[in-house]
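Remarks on the overall topology
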Amino acid sequence: MSKRPTIVIKPREGRRARAGAPWIFSNEIVMEGAAKALPPGTVADIKFDDGQDFGSGFFNPKSLIAVRLFARAPSVAADENFFAARLKRALALRERLYDRPFYRLAHAEGDGLPGLVIDRFGDTLVVQISIAGIEAKLPVLIAALNKVVAPKTIVLRNDTPSRSLEGLDTYVRTEQGIAGRIAVEENGARYFADPGQGQKTGWYYDQRDNRAFIASLAKGRTVLDAYSYTGGFGILAARAGAKEVICLDSSEPALKLAEESAAANKASIRAVQADVFEEMTRLAAQKERFDMVLADPPPFVKARKDLEPGAKAYRKLARLAADITTPGGLLMMSSCSHNIPMDRFAAECAAGILKSGRNASLIHVAGAGSDHPMHPMLPETAYLKALVYALD
Ligand code: SAH
């Protein structure tokens, strides 16, 4: 067997890596000709300059995150057995957490599988690959999935824009089985999703626990579910006995699925297709108020350079949402941007609520559910924030 390449970390570099993080940035690597010429996603042994092993990783000379470590030991192969072992561990954790097979099965570095996200909907798996190293291993990954999970259908949703950072193209493909509309079971409700066409993998499992928390407070209340997508929050609230639920989103197909899911749950919602900022402004002018206002927008801070305008947008959203929350009502603000840290997000929400002239108590601080494990040395894997305020 041919010896595989060794990538060397520059002297005094790789501080985060030495502390346990699984990433090495391109400027931290001795990038001479041989390393530069390696194809994106090459499996390599990674060493510190003093010869000490860092481990086995995927190397991409074209990416800012040049090394994604997948094992702490050198010479570990990224083969079918490797993927099967990691997937077994991930599956065992989910089976301990949930009764039914509906969850995020793999959450990238949080499950020791860099660049790989897999959502499970019963016997359908939706796979999202974001790095060249995993893309190059697709056949053994599929074999491992069939060994460990044996799904009927596997859909590849390889259309995340971040793939371009790794030099990968984007595509959506049904790898096996038949893709189409599927059912999602969550918190005792049944929703519809369309993994081939919906946003991301078709469903946002990350808000599962937050949906349950909101629904537990919704009985007899009016609820505005802003940025509802296919109704994850709103339908559960309606099922829990909310008096009135409006699902507000700009996406027509998402709202159509929300209406169908609501009907399947014998829950009543009203779908409104509009821009959230415009609709909240209009509702405020008409003196409409809701006992619960939920705002779960798309990422406002897509890149670090967008922090200031994005932070301002969260502040404005909090103000508009507070304007239409009843006295004694609850306001949930959520952010899925990992580029804005929790403290900054909370500060912007507080400023927006204050600007609306309201007093608030923060009653609930949460992130994603346990099927989105974080890598303890990689704060980037903790992206979701959900804050619930009680307003006077
Ligand atoms: N709360 C949802 C997930 C929201 S994802 C859930 O629990 O599943 C963000 C949603 O915001 C998407 O459905 C997208 O269509 C919608 N969206 C994006 N920009 C919007 C805008 N300006 N006005 C209204 N909806 C918007």
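Above this text you will find the structure in question.
In this report, the structure presented in the accompanying data block is examined. (Residues numbered from 1 in each chain as written. Predicted model: local features only at pLDDT ≥ 70, side-chain atom pairs only at ≥ 80, totals over all residues. Heavy atoms only, no water.)

1. A look at the site of the ligand
Inclusion rule: A single heavy atom is enough: if one lies within 4 Å of a molecule or strand, its residue is considered near that molecule or strand. Definition of a polar contact: a pair of N or O atoms within 3.5 Å, with one able to donate and the other able to accept a hydrogen when the atoms are protein atoms, and with sequence-neighbouring residues admitted only if both atoms are side-chain atoms. Per-residue and other accessible areas follow the Shrake-Rupley method at a 1.4 Å probe size, with only the shown protein chains counted as cover for residues. When residue character is reported, Ala, Val, Leu, Ile, Met, Phe, Trp, Tyr, Cys and Pro are called nonpolar, Asp, Glu, Lys and Arg charged, and the others, Gly included, polar.
In the region of the ligand, 15 residues are neighbours, and Arg-211, Tyr-227, Asp-249, Asp-275 and Asp-296 sit closest. Within the side chain of Arg-211, an N or O atom sits 2.8 Å from an oxygen atom of the ligand. At 2.7 Å, a side-chain N or O of Asp-296 approaches a nitrogen atom of the ligand. Contact with the protein chains removes 87% of the 580 Å² of surface that the ligand exposes when unbound. When the residues that make up the shell around the ligand are grouped by side-chain class, the tally is seven nonpolar, four polar and four charged.

2. Points about helix H8 (residues 252-264)
Along an α-helix, a turn takes 3.6 residues, which lines up residues three or four apart on a common side. Keep this limit in mind: Under the DSSP-based scheme used, a helix requires at least four consecutive residues in state H or I and a strand at least two consecutive residues in state E, with every element numbered from the N terminus. What a helix is expected to span follows from its residue count: subtract one and scale by 1.5 Å. The rule is simple: take the accessible area with a 1.4 Å probe, protein chains only, and divide by the maximum for that residue type; under 20% is buried, over 50% is exposed, in between is partly exposed. Arc, as used here, means the arc of the directions from the helix axis to the C-beta atoms. Contact definition: two residues touch when any of their heavy atoms are within 4.5 Å.
A rise of 1.5 Å per residue sets the reference length of H8, with its 13 residues, at 18 Å; its end C-alpha atoms lie 19 Å apart and thus fit the reference within 8%. For H8, the full list of buried residues reads Ala-254, Leu-255, Leu-257, Ala-258, Ser-261 and Ala-262. An end-on view of H8 places all buried positions within 160 degrees of arc, on one side of the element. Within H8, the exposed residues directed more than 90 degrees away from the buried face are Glu-252, Pro-253 and Ala-263. Those residues of H8 hidden inside the fold are in contact with strand E12 (189-193), helix H7 (232-239), strand E14 (244-249) and strand E15 (270-273). Here H8 starts with a cap whose side-chain oxygen sits 3.1 Å from the backbone nitrogen of Ala-254, and that cap is Ser-251. Once H8 finishes, Lys-266 follows within two positions and takes phi at roughly 50 degrees, a positive value.

3. Describing the environment of Val-245
Mapped onto the fold, Val-245 is located in strand E14. Once the C-alpha coordinates of Val-245 and Val-172 are considered, the two residues, 73 residues apart in sequence, prove to be 34 Å apart. Beyond its immediate stretch of four places on either side in the chain, Val-245 contacts Val-223, Gly-234, Ala-237, Ala-238, Ser-268, Ile-269 and Arg-270.

4. With respect to the side chain of Ser-228
Tracing the sequence through the fold places Ser-228 in the loop between strand E13 (222-226) and H7. With sequence-adjacent residues up to four places away left out, Ser-228 is seen in contact with Cys-247, Leu-248, Asp-249 and Leu-255.

5. Points about the pattern of salt bridges
The line we're drawing: Any Lys or Arg side-chain nitrogen located within 4 Å of an Asp or Glu carboxyl oxygen qualifies as a salt bridge.
The tally for this structure, following the rule as stated, stands at 23 salt bridges. Of the charged contacts, one joins Glu-135 and Arg-163 as a salt bridge, the two residues approaching to 2.8 Å between their closest N and O atoms. On the criterion of sequence distance, the pair formed by Glu-135 in helix H4 (residues 132-135) and Arg-163 in the loop between strand E9 (153-158) and strand E10 (171-176) is long-range, its members being 28 residues apart. Pair check on accessibility: Glu-135 and Arg-163 agree, each one buried.

6. Focus on the packing of aromatic side chains
To be explicit about the condition: Working definition: rings of Phe, Tyr and Trp (its six-membered ring) pair if their centres are within 6.5 Å, and the pair is stacked with planes under 30 degrees apart, edge-to-face with planes over 60 apart, and tilted otherwise.
Summed over the entire model, instances satisfying the criterion amount to 12 aromatic pairs. With a centroid separation of 5.2 Å and an interplanar angle of 75 degrees, the aromatic rings of Phe-82 and Phe-83 are classed as edge-to-face. Looking at Phe-82, the relative accessible area reads 8%, which means it is buried. Look at Phe-83 and you get buried, because its relative accessible area is 0%.

7. A few points about the sheet that holds strand E8 (residues 124-129)
Two orientations exist for strands paired in a sheet by backbone hydrogen bonds: parallel and antiparallel. Selection rule: Being paired, for any two strands, means DSSP has found at least two bridges between them. Each axis is a line fitted through C-alpha atoms, taken for helices only over the stretch in contact, and angles between the N-to-C directions span 0 to 180 degrees.
Ordered by their spatial adjacency, five strands build an open sheet running E6-E7-E8-E9-E10, and the pairing between neighbours is mixed. Pairing within the sheet leaves two strands with one partner each, and these edge strands are strand E6 (102-107) and E10. Across the sheet, the axes of successive neighbouring strands diverge by a mean angle of 20 degrees, strand direction being ignored. In this structure, E9 lies alongside E10, joined through five bridges in antiparallel fashion. Across the sheet, residue Ile-154 finds its bridge partner in E10, namely Gln-176.

8. Some words on the packing of helix H6 (residues 208-215) against H7
For the record, the criterion: Crossing chirality is assigned from the near helix's rotation relative to the far helix, an anticlockwise turn below a right angle marking it left-handed and a clockwise turn marking it right-handed.
Packing of H6 against H7 brings their axes to within 8 Å, and their N-to-C directions diverge by 35 degrees. Considering only the axes of H6 and H7, their crossing is right-handed. Here H6 contributes Asn-210, Arg-211, Ala-212, Ile-214 and Ala-215 to the contact with H7, which in turn contributes Gly-232, Phe-233, Leu-236 and Ala-237. Partitioning the contact of H6 with H7 into residue classes produces six nonpolar, two polar and one charged.

9. Focus: the sheet that holds strand E5 (residues 65-71)
Pairing is mixed in the open sheet, where five strands are placed in the order E1-E3-E4-E5-E2. For this open sheet the edge positions go to strand E1 (6-8) and strand E2 (23-25), each flanked by a neighbour on one side alone. Sheet twist, expressed as the average angle between the axes of neighbouring strands with direction ignored, equals 40 degrees. By the bridge criterion, three bridges tie E2 to E5 in an arrangement that is antiparallel. Across the sheet, residue Phe-25 finds its bridge partner in E5, namely Ile-65.

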